[in-house]
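# Observations on the model geometry
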Amino acid sequence: MQSLLHNQLELPFPTLSPAAVIPAALVLDGQLISYVLHRSRGRRRIGLSIDERGLRVGAPLSASKSAIEVVLIAHTRWILDHLAQWKDKKKVQRSWVSGENLMVLGRSLELIITEGPQRILQCDHQLQVHTPHATPEHIATLVLGWLRQLALSDFAQRVDHYGQKMQLNPTDIHLSNARSRWGSCHASGRIQLNWRLIHLPTRLIDYVVVHELAHLREMNHSPAFWARVATQIPDFLARRREIRRDAHRFLID
Ligand SMILES: [Zn+2]
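This structure is a prediction, so every number in the text was calculated from the model and none was measured.

### Details of the coordination of the zinc ion
Protein coordination at the zinc ion: the donors are H211 (NE2), H215 (NE2) and H221 (NE2), at 2.0 to 2.1 Å from the metal. Read from N- to C-terminus, the donor residues coordinating the zinc ion fall into the pattern H-x3-H-x5-H. In this pair, H211 sits in helix α5 (residues 202-215) while H221 sits in the loop between α5 and α6 (223-232), placing the two residues 10 residues apart along the sequence. For H221, a relative accessible area of 38% translates into the label partly exposed.

Below, the structure written as structure tokens:
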């Protein structure tokens, strides 16, 4: 029960649980296209979606493999076009050198690396890293450490701000390094926020903060829960959509 309850309180990245997905593949227009098939009881139609992870197919439990393939073949053009678009958007491998860009609070900062006594300064649109050891590994450690520190102080302020307005105070705020969750709220009153949120625009961080705070009172996603979120974030639906659709573009590793 504990783990079920725990899961309910978390705000997930839009990923499917590994147990729910079945890897599959099909040749479309001469190209082998792999996809993941997600069957579920509640689903009535076969649906396709494409994002940075590739093609996903949702299907009712009763749908036959051939029925699914008929749908895929009928949408060959759409699938190939969208997969190509996502390929273009894929993150470039970060080298941690001067001139690279980094998203911080939804703004692009240019990384500037110089040799000198160690310090990091944010100056307008630049993140200036001074270090006597300018290796990519060392720069990565420094910048990621700086981002985590910034995340902790920024999130603590937001939790404090909204906590006062909502009259809800967590016992503790922790940064998480989860690959699959933006935030979670525990029965003990502790809130965990993914440090990677620091890349996102502030309106999206605010949404996650308010979402987790609201769980301190409503341990579910009931209408009462969303009503509580809406008191602070009236356009929470738009922000939720935005975080599901766009957040991956801000992530750096
Ligand atoms: Zn939630």
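### Some words on the packing of helix α4 (residues 136-166) against α5
Put simply, α4 and α5 touch, their axes get as near as 10 Å, and they point 55° apart. Taken together, α4 and α5 sit at an angle that is classed as oblique. As for how α4 packs across α5, the hand of that crossing is right-handed. Every residue of α5 that contacts α4 at D154, F155, R158, V159, Y162, G163 and M166 is listed here: T202, I205, D206, V209, V210, L213 and A214. For the contact of α4 with α5, the residue count by class is nine nonpolar, two polar and three charged.

### Quick word on the confidence of the model for the protein
On average, residues of the protein score 86 in pLDDT, and 87% of them are at 70 or above. Within the protein, the lowest mean pLDDT, 37, falls on helix α1 (residues 2-8), and the highest, 97, falls on α6. The low-confidence segment residues 1-8 (pLDDT under 50) makes five contacts with residues lying over four places distant or belonging to another chain.

### Looking at the sheet that holds strand β6 (residues 101-104)
Backbone hydrogen bonds hold the strands of a sheet together, and the pairing may be parallel or antiparallel. Read across the sheet, four strands follow the order β6-β7-β9-β8 without closing on themselves; strand pairing throughout is mixed. Two strands close off the open sheet at either side, each with one partner strand: β6 and β8 (119-123). Sheet twist, expressed as the mean angle between neighbouring strand axes with direction ignored, is 30°. Across six bridges, the pairing between strand β7 (residues 107-115) and strand β9 (residues 126-131) is parallel. In the strand pairing of β9, I113 is matched with V129. Each of β6, β7, β8 and β9 touches α4; the most contacted strand, β9, lies at about 125° to it.

### With respect to the nonpolar core
By size, the foremost hydrophobic cluster in this structure holds 44 residues, and its most contacted members are V143, L197 and V229. Among the elements that line this core, the one with the most residues is α4, at 11 residues. Apart from residues no more than four positions distant in its own chain, V143 is found in contact with W96, L102, L111, I120, L127 and V129. Core analysis: the next-biggest nonpolar cluster, separate from the first, contains 16 residues, A24, L28, A63 and L80 among them.

### Here we look at the sheet that holds strand β3 (residues 31-40)
Pairing is mixed across the open sheet formed by four strands, whose spatial order is β2-β3-β5-β4. Across the chains shown, the open sheet's two edge strands, defined by having one partner strand only, are β2 (21-28) and β4 (47-51). Within the sheet, the average angular offset between the axes of one strand and its neighbour, ignoring direction, is 30°. Against the sheet, helix α2 (residues 65-74) engages β2, β3, β4 and β5 (54-60), with an angle of about 125° to β3.

### Side note on the pairing of β7
Relative to β7, β6 runs antiparallel, the two sharing four bridges. Counted as the bridge partner of M103 is S108 from β7. Between β6 and β7, which follow one another and run antiparallel, lie two residues, and L105 among them has a positive phi close to 50°.

### A short note on the packing of aromatic side chains
Each aromatic ring pair is specified by the distance between its two centres and by the angle formed by the two planes. For the coordinates displayed, the defined rule picks out two aromatic pairs. The interplanar angle of 10° and the centroid separation of 5.0 Å between the aromatic rings of W226 and F236 together place this pair among those described as stacked. Separated by 10 residues along the polypeptide, W226 in helix α6 and F236 in helix α7 (residues 236-246) bring together distant segments of the chain. Across the pair, exposure class does not vary: W226 and F236 are buried alike.

Conventions used here
Residue positions within a chain follow its written sequence, with the count starting from 1. pLDDT decides what is reported in this predicted model: residues at 70 or higher carry local features, side-chain atom pairs at 80 or more are listed and counted, and totals for whole chains, interfaces and linings draw on all residues regardless. To get the side-chain values, all heavy atoms of the structure are used, and hydrogens and water are removed first. In this description, a donor is an N, O or S atom within 2.8 Å of the metal centre, a cutoff extended to 3.2 Å for sodium, potassium and calcium. Water is not part of the atom list, which can make sites seem incomplete. Every helix listed is a DSSP run of H or I at least four residues long, and every strand listed is a run of E at least two residues long, numbered separately from the N terminus. Exposed residues in this analysis have more than 50% of their type's maximum accessible area, buried residues have under 20%, and partly exposed residues fall in between, with area computed by a 1.4 Å probe over protein chains only. Fitted lines through C-alpha atoms give the axes, limited to the stretch in contact for helices. The angle between two N-to-C directions lies from 0 to 180 degrees. Roughly parallel covers angles under 35 degrees, roughly antiparallel covers those over 145, roughly perpendicular covers 65 to 115, and oblique covers all other angles. By the definition used in this description, the sense in which the near helix is turned from the far one sets the handedness, with an anticlockwise turn below a right angle giving left-handed and a clockwise turn giving right-handed. The criterion used for residue contact is that any of the two residues' heavy atoms lie within 4.5 Å. Any residue that is not Ala, Val, Leu, Ile, Met, Phe, Trp, Tyr, Cys, Pro, Asp, Glu, Lys or Arg is counted as polar, Gly included; the first ten are nonpolar and the last four charged. On a range of 0 to 100, pLDDT expresses the predictor's confidence in each residue. Pairs of strands are assigned from DSSP output, requiring at least two bridges between the strands. Joining through side-chain atoms within 4.5 Å is the link that ties buried Ala, Val, Leu, Ile, Met, Phe, Trp, Tyr and Cys residues into a set, and such a set is a nonpolar core. Each aromatic pair joins two rings of Phe, Tyr and Trp (for Trp, the six-membered one) with centres within 6.5 Å, and gets the label stacked for planes under 30 degrees apart, edge-to-face for over 60, and tilted for any other angle.

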